[in-house]
Amino acid sequence: MKMSIKNDVIVKVTKMNNFTEIMFSELKGKAGSVSRVDKDHYANTKTGEVYESEPNKKGKSRASNKKSLHNTRKKDKEIIFSNFNCS
């Protein structure tokens, strides 16, 4: 399949043995307005206010976060396809 991609988009190319995955986005991400100060505090970079972080509550682990799980599975897929010849 042949497609044309505009010059001003973000492109990510991942080569995995026999597979080549091309992802592109015309949307630009916004810079984060929060940064971690230390283990227990974070700061709003726009206002300069510092807040105390909430401790990790029971049931709110990384495994229960669907986006995190999706990203982990995607990385696993890339590792598998990169290390095994699927022909």
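Here's a quick rundown of the structure.

About the criteria used
- Residues numbered from 1 in each chain as written.
- Predicted model: local features only at pLDDT ≥ 70, side-chain atom pairs only at ≥ 80, totals over all residues.
- Heavy atoms only, no water.
- Helix = DSSP H or I, 4+ residues; strand = E, 2+ residues; numbered from the N terminus.
- Contact = heavy atoms within 4.5 Å.
- Pairing = 2+ DSSP bridges.
- Patch = residues over 30% accessible without salt bridge, like charges linked within 9 Å, V, L, I, M, F, W, Y side chains within 5 Å.
- Areas by Shrake-Rupley, 256 points an atom, 1.4 Å probe, with all protein chains shown as cover.
- Salt bridge = Lys/Arg side-chain N within 4 Å of Asp/Glu carboxyl O.
- Buried < 20%, exposed > 50% of the residue type's maximum accessible area, 1.4 Å probe, protein only.

**Points about the side chain of Glu78**
Line of reasoning, step 1. Looking at the element boundaries, Glu78 is found in helix α1 (residues 66-83).
Line of reasoning, step 2. Once you skip the residues sitting within four places of it in the chain, Glu78 turns out to touch Lys12, Thr14, Met16 and Glu21.

**A short note on the pairing of strand β1 (residues 10-16)**
Line of reasoning, step 1. Relative to strand β2 (residues 19-25), β1 is paired through seven bridges, and the arrangement is antiparallel. Pairing of Val11 across the sheet is with Phe24, part of β2.
Line of reasoning, step 2. In sequence, β1 turns back onto β2 through a hairpin of two residues, with Asn17 there showing a positive phi of about 45 degrees.

**Considerations on the environment of Pro55**
Line of reasoning, step 1. Relative to the elements of secondary structure, Pro55 occurs in the loop between β5 (50-52) and α1.
Line of reasoning, step 2. Sequence spacing of Pro55 and Asp40 is 15 residues, and the spatial spacing of their C-alpha atoms is 8.2 Å.

**Description of a nonpolar patch on the surface**
Line of reasoning, step 1. Together, Met3, Ile5, Val11, Val13, Ile22 and Phe24 make up a nonpolar patch on the protein surface, roughly 530 Å² of accessible area in all.
Line of reasoning, step 2. Of all elements in the fold, only β1 and β2 reach the threshold of two or more residues within the nonpolar patch.
Line of reasoning, step 3. Following the sequence through the fold, Met3 ends up in the segment before β1.
Line of reasoning, step 4. Under the relative-accessibility criterion, Met3 is labelled exposed at 54%.

**Topic: the pattern of salt bridges**
Line of reasoning, step 1. Per the stated rule, a full pass over the model turns up three salt bridges.
Line of reasoning, step 2. A salt bridge links Lys77 to Glu21; its shortest N-O distance comes to 3.2 Å. Here Lys77 is found in helix α1, whereas its partner Glu21 is found in strand β2, with 56 residues between them in sequence.
Line of reasoning, step 3. We classify Lys77 as partly exposed; its relative accessible area is 32%.
Line of reasoning, step 4. Lys74 is paired through a salt bridge with Glu78; the nearest N and O atoms lie 3.4 Å apart. With Lys74 and Glu78 both in helix α1 and four residues apart, the pair spans about one turn of that helix.
Line of reasoning, step 5. One salt-bridge network, in which partners are shared between bridges, spans Glu21, Lys74, Lys77 and Glu78.

**Some points on the environment of Ile22**
Line of reasoning, step 1. Looking at the secondary structure, you find Ile22 in strand β2.
Line of reasoning, step 2. Expressed as a C-alpha distance, the spacing of Ile22 and Val11, which sit eleven residues apart in the sequence, is 7.1 Å.
Line of reasoning, step 3. Ignoring any residue separated from it by four or fewer positions in sequence, one finds Ile22 in contact with Ile5, Val11, Lys12 and Val13.

**Description of unusual backbone geometry**
Line of reasoning, step 1. For Asn17, which is not glycine, the phi torsion reads 45 degrees and is therefore positive.
Line of reasoning, step 2. Structurally, Asn17 is set in the loop between β1 and β2.

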